[in-house]
Amino acid sequence: MRKILWGLLLVILHIPAFAQTKIELNSGWEFRRVDENVWRTAKVPGTVHTDLLSHQLIPDPFQGANEKGVQWVDKKDWEYRCNFSAPAAAAVLEFTGLDTYADIYLNNVLIGKASNMFVGKELPVKLKPGNNQLRILFHSPIAQDMPKFLQDRLVYPAGNDASDIPLSVHARKAPYHYGWDWGPRLVTSGIWRPVYLKTWNKVNLRDSWIKQQQLTDEKALLEASLSLDVQQAGVYTVLVKGPDFETKQVVKTLSAGKQQINVPFVITKPERWWPNGLGAQKLYALEVAVMSGKDTLQTKHQRIGLRTIEVVNEADNMGTSFFVKVNGHPVFMKGANYIPSDNFLPRVTPSRYAQLFNDMKEANFNMVRVWGGGIYENDQFYDLADEQGILVWQDFMFACTFYPSDKNFLQQVKEETNYNITRLRNHPSLALWCGNNEIAVAIKNWGWKDGYAYSETQWQQMLKGYDTLFSKLLRDEVKTLDPGRFYFPSSPISNWGKAEDFRHGDNHYWGVWHGMEWFEAFNTHVPRFMSEYGFQSFPDIHTVRKYAEPGQWDINSFVMLSHQKSFTRGNAAIKTYMDHYYKEPKDFPSFLYLSQVLQAEGMKIGMEAHRRAMPFCMGSLYWQLNDCWPGASWSGIDYYGRWKAMHYFVKKAYEPVLISTVKEDGKIKTYVVNDGLEDEDLELKIQLMDVEGKVIWEDIAPIKVKANSSTVQHSFTTGDIDSAKVILYSKLVRNNKFLTENVFYFVPAKLMPLPKAVITTDVSDQNGVITIRLRSTGKLARNVCLMLEKDDEAHFSDNYFDLLPIGEKTIQVRTKLTAAAVREQLRIMHLGNACKE
């Protein structure tokens, strides 16, 4: 480590004196338990748990029931250190993420403290020549916060905190680390984001805020607002330049200290940034440079997108609206709620982030909600959102409980908001800020006052603290640091318990699942904007094998129950709904498969209902996109990145043009929804057929679908048809080419006597792409699932689809296997062979 860093610094010293330097301190680290004097190698960025795991000092918490066996880790103090060589110099140590309570020492001198996982920290330091030692002492978050509880013995209503005494509210740390109803309790410590050694000369460019002041088709008027730390007074030149606009500069005499410089510039004939599905994601590259004479002291490279975004939340003739306008157009939001992708955050690699955004884009997302019980994501997350056209609904990190409101806590929150708003406000994908998840609705409806036996004085103090934090502090921070961006204190605005609430603002509807209402309730419980709704499923057998031995393959086994965190409902709810809609699965793998089909088919009802209801309803964000560990959850993509059935269904339900059939007012109505900004001339084909492919009647007609609309294009009454033996197939054609399709079933699968379908396959390699062509021999095969027995990373272009008796389906598979191996390992499951007679 010393030789490597010394070599780097020697190189830097040969660069002219005006150069800036930034070196990541990411090697040569060691860690120890403070009550043991044994130093071991560590990975930075990392966590204590993953370092212990790499030395085989703890079992893998994600396997079996090992989570319970590692709860001692968060009760201990831990220490990290590294040594590096450098010449004597003034420098800055930048810590972009310390989790959470930390004392920072350089050469055994305390130089700073950290107490907020969400706040980066820069510390000016004086390096000595030769060896320097950086040492960070992490205090147990449990030991650190227990005195805060003991001070007033107030138990906060943090029901998701998996400890008898919920200490999570006291720590500005990812709430989900303490447990949630979809993830384990693993309270980490460590250097979770990079540490840098930085130097500069004369001036430090702290921040560059690009303000869009006016946007028309002719020009964009912008201003670069630059925050500088001036070490040496003098005359400086600041330039803003890029390949798409004329360079602008400002020359100014600056005194020492913190200074602000504004540089106006213009982009002519601007190309607008659009969300996914409506246009391109044009990003303008620009460079900000600070110069002294001819010497360039500092540079900062940025990308900006030009667009207008409004969140319209106001009274109208239908209640109170909640919708997003982009570049002047109302846009239906299609997406999901995102949670952190791992309990051990440094394990989320750049490639995992990139794949997740590819998965969102492929499934036709245009929005993702960064939910308030996780983290403010890293810069790559928002860069990818900019590139892929995924708007970001950004929660502040507060969820499902009251929080302290003492002076120290509020000051920490203010530092947190300042750091993260400043970091994120340049991103064109950032659509809105939300103060918290579900706290306002919980205050009104969750029975906290009586359930936790709060005195009237305690209750009023907590209500006052809530108002101070969410209606004042956070609101004012957004207004000051990111003016013009929409902020509202809490999501949802409306509760799901009363019909009237669906007419106002955003809603979290949990009548399905928590309320144990059947999926058909999605058709009648449609709000102005649905920001949460969901249903659980299990991951597939490939994932279950990762954490459960075959002897534990039962949903009531110890291991399977330890990976089901919805203790109060969980497996019982899945089984109840499954028994209602489907015949009994024949074995455990079939049960896993059927749980995913159940989730996907049920959630499809909700997604399509929301889209049919536009413009009354203008958004559908389901719970939840992804997982932080392997187990049963509401996710559509499991911990290992495997698409569950639901994500395949999401891809179809979020298509730009959707065809959707529903029973309304005694009629079977077929809607066509067009999210695009242009009218569509299409052909609609509808066929009523039996399960063996006999067409009873069909209707083919040209239709015109208005831009940004949902309209009924066909309707009929069922008459005396045998609903259990027929299906309604609908298809849209554009310019003689297939566009989209859908299948409507008149009764639940449990009531349909499915014929024994025989599926034939033809596997081939077409220019390096493995293709599978499937046919059903004259019988309907529902929810056909393809899987490769030994390739748990294979990905199919479509899956869990219905294979009609009158057609065929061609699927591409991404796999490392040859066509011959795919042919040998291919396994096919569908309702006809997964359920008992």
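Residues numbered from 1 in each chain as written. Predicted model: local features only at pLDDT ≥ 70, side-chain atom pairs only at ≥ 80, totals over all residues. Heavy atoms only, no water.

What follows covers the overall build of the protein. Broken down by element type, the protein carries 17 helices and 48 strands. Computed over C-alpha atoms, the radius of gyration of the protein comes to 29 Å, within 12% of the 28 Å expected from 2.2 N^0.38 for 837 residues, which places it in the range of a compact globule. Viewed in the frame of its principal axes, the protein has a C-alpha envelope of about 90 × 65 × 65 Å. Each of the 837 residues in the protein was classed as buried or not, and the buried ones make up 58%. Considering only intrachain contacts with a sequence separation of at least 6, the fraction spanning at least 24 residues in the protein is 70%. Accessible surface, the protein: about 33,200 Å² in total, of which carbon and sulfur atoms supply 50%. (Helix = DSSP H or I, 4+ residues; strand = E, 2+ residues; numbered from the N terminus. Rg over C-alpha atoms; globule rule 2.2 N^0.38 Å. Buried < 20%, exposed > 50% of the residue type's maximum accessible area, 1.4 Å probe, protein only. Contact = heavy atoms within 4.5 Å. Areas by Shrake-Rupley, 256 points an atom, 1.4 Å probe, with all protein chains shown as cover.)

It is worth spelling out the sheet that holds strand β9 (residues 121–127) at this point. Spatially, four strands are ordered β1-β14-β5-β9 in an open sheet, and the strand pairing comes out antiparallel. Two strands close off the open sheet at either side, each with one partner strand: β1 (21–24) and β9. Shown here is a sheet whose adjacent strand axes are inclined to one another by a mean of 25 degrees, direction ignored. Pairing geometry for strand β5 (residues 89–95) and strand β14 (residues 195–199), over four bridges, is antiparallel. By the bridge assignment, glutamate 94 is partnered in β14 with tyrosine 196. (Pairing = 2+ DSSP bridges. Axes fitted to C-alpha atoms, helices over the stretch in contact; angles between N-to-C directions.)

Moving on to helix α4 (residues 350–362). The end-to-end C-alpha distance of α4, which contains 13 residues, comes to 18 Å, matching closely the 18 Å that a straight helix rising 1.5 Å per residue would cover. When α4 is considered as a whole, its buried residues turn out to be Tyr353, Leu356, Phe357, Asp359 and Met360. In a view along the axis of α4, the buried residues occupy a sector of 155 degrees, so they form one face of it. Across from the buried face of α4, at angles greater than 90 degrees, the exposed residues are Pro350 and Ser351. (Expected span 1.5 Å × (residues − 1). Arc of directions from axis to C-beta.)

Take the packing of helix α14 (residues 588–612) against helix α15 (residues 645–653) next. The interhelical angle for the contact between α14 and α15, taken along N-to-C directions, is 20 degrees, at an axis separation of 8 Å. Taken as axis vectors, α14 and α15 run roughly parallel relative to one another. The two elements α14 and α15 meet at a crossing, and its hand is right-handed. Counting all contacts with α14, which are made through Gln596, Val597, Gln599, Ala600, Glu601, Met603, Lys604, Met607 and Arg611, the residues of α15 involved are Ala645, Met646, Phe649, Val650 and Ala653. (Parallel < 35°, antiparallel > 145°, perpendicular 65-115°, else oblique. Left-handed = near helix turned anticlockwise from the far one by under 90°.)

We now examine the nonpolar core. In terms of nonpolar packing, the biggest core is built from 174 residues, with Trp29, Leu134, Phe365, Phe398 and Tyr622 touching the most fellow members. The leading source of residues in this core is α14, at ten residues. In terms of nonpolar packing, the next biggest core, distinct from the first, is built from 27 residues, Val672, Ile727, Tyr745 and Val747 among them. (Core = buried A, V, L, I, M, F, W, Y, C linked by side-chain atoms within 4.5 Å.)

Here the focus is the packing of aromatic side chains. Across all of its chains, the model carries 61 aromatic pairs by this definition. Measuring from centroid to centroid gives 5.4 Å for tryptophan 182 and tryptophan 371, while their planes differ by 75 degrees, and the two rings are edge-to-face. Highlighted residues: tryptophan 182 in the loop between β11 (178–180) and β12 (183–185) and tryptophan 371 in the loop between β28 (367–370) and α5 (379–388), separated in sequence by 189 residues. Taken as a pair, tryptophan 182 and tryptophan 371 share a single burial class, namely buried. The interplanar angle of 75 degrees and the centroid separation of 5.5 Å between the aromatic rings of tryptophan 513 and tryptophan 634 together place this pair among those described as edge-to-face. (Phe/Tyr/Trp six-rings, centres within 6.5 Å; stacked < 30°, edge-to-face > 60°.)

Threonine 100 follows aspartate 99 through a cis peptide bond whose omega is -10 degrees. Structurally, the position occupied by threonine 100 is in the loop between β6 (98–99) and β7 (102–106). In this structure, proline 615 follows methionine 614 across a cis peptide bond, with omega equal to 10 degrees. Looking at where proline 615 falls in the secondary structure, it is placed in the loop between α14 and β34 (619–622). Positive phi, close to 55 degrees, is recorded for arginine 153, a residue that is not glycine. Here arginine 153 lies in the loop between α3 (141–152) and β11. Positive phi, normally seen in glycine, also occurs at asparagine 708, with a value near 50 degrees.

Any two side chains of opposite charge can pair if their charged atoms end up close together. The final tally for this structure, using the stated rule, is 57 salt bridges. As a salt-bridge pair, lysine 198 and glutamate 94 come within 3.4 Å of each other at their nearest N and O atoms. With a gap of 104 residues between them, lysine 198 in strand β14 and glutamate 94 in strand β5 connect regions that are remote in the sequence. Exposure class is identical for lysine 198 and glutamate 94. Each is buried. (Salt bridge = Lys/Arg side-chain N within 4 Å of Asp/Glu carboxyl O.)

With that settled, consider the confidence of the model for the protein. Should pLDDT be low for a region, the predicted coordinates there are not to be read in detail. With 98% of its residues at a pLDDT of 70 or more, the protein has an overall mean of 95. Scored below 50 in pLDDT, residues 1–18 makes 27 contacts in the model with residues more than four places away or belonging to other chains. (pLDDT = per-residue confidence, 0-100.)

On to the pairing of β14. Looking along a regular strand, one sees side chains alternate from face to face of the sheet. Most of β14 sits inside the fold, with four of its five residues counted as buried. Bridge count for β1 against β14 is four bridges, and the pairing is antiparallel. Pairing of lysine 22 across the sheet is with lysine 198, part of β14.

Before going further, it helps to spend a moment on the environment of lysine 282. Locating lysine 282 in the fold gives a position in the loop between β19 (257–268) and β20 (284–292). Sequence-wise, lysine 282 and isoleucine 304 are 22 residues apart; in three dimensions their C-alpha atoms are separated by 8.4 Å. Excluding its chain neighbours within four sequence positions, the residues that come into contact with lysine 282 are Asp244, Glu271, Arg272, Trp273, Ile304 and Gly305.

For serine 595, the position within the fold is in helix α14. With residues near it in sequence (within four places) discarded, serine 595 still touches Gln536, Ser537, Phe538, Ile574 and Met578.

Turning our attention to the sheet that holds strand β15 (residues 203–215). Here three strands make up an open sheet; going across it, the order is β15-β16-β19 and the pairing antiparallel. At either end of the open sheet lies a strand with only one pairing partner, and these are β15 and β19. When the angles between neighbouring strand axes are averaged without regard to direction, this sheet yields 20 degrees. As paired strands, β15 and strand β16 (residues 219–230) are joined by eleven bridges and run antiparallel to one another. Within β16, the position partnered with glutamine 214 by the bridge is leucine 221.

With that settled, the discussion passes to the packing of α4 against α5. At a minimum axis separation of 10 Å, α4 and α5 run at an interaxial angle of 30 degrees. In the crossing of α4 with α5, the sense of the turn from one axis to the other is right-handed. Between α4 and α5, the contacting residues are Pro350, Tyr353, Ala354, Phe357, Asn358 and Lys361 on the first element and Gln380, Phe381, Leu384, Ala385 and Gln388 on the second. In terms of residue class, the contact of α4 with α5 is made up of seven nonpolar, three polar and one charged. (Nonpolar A, V, L, I, M, F, W, Y, C, P; charged D, E, K, R; others polar.)

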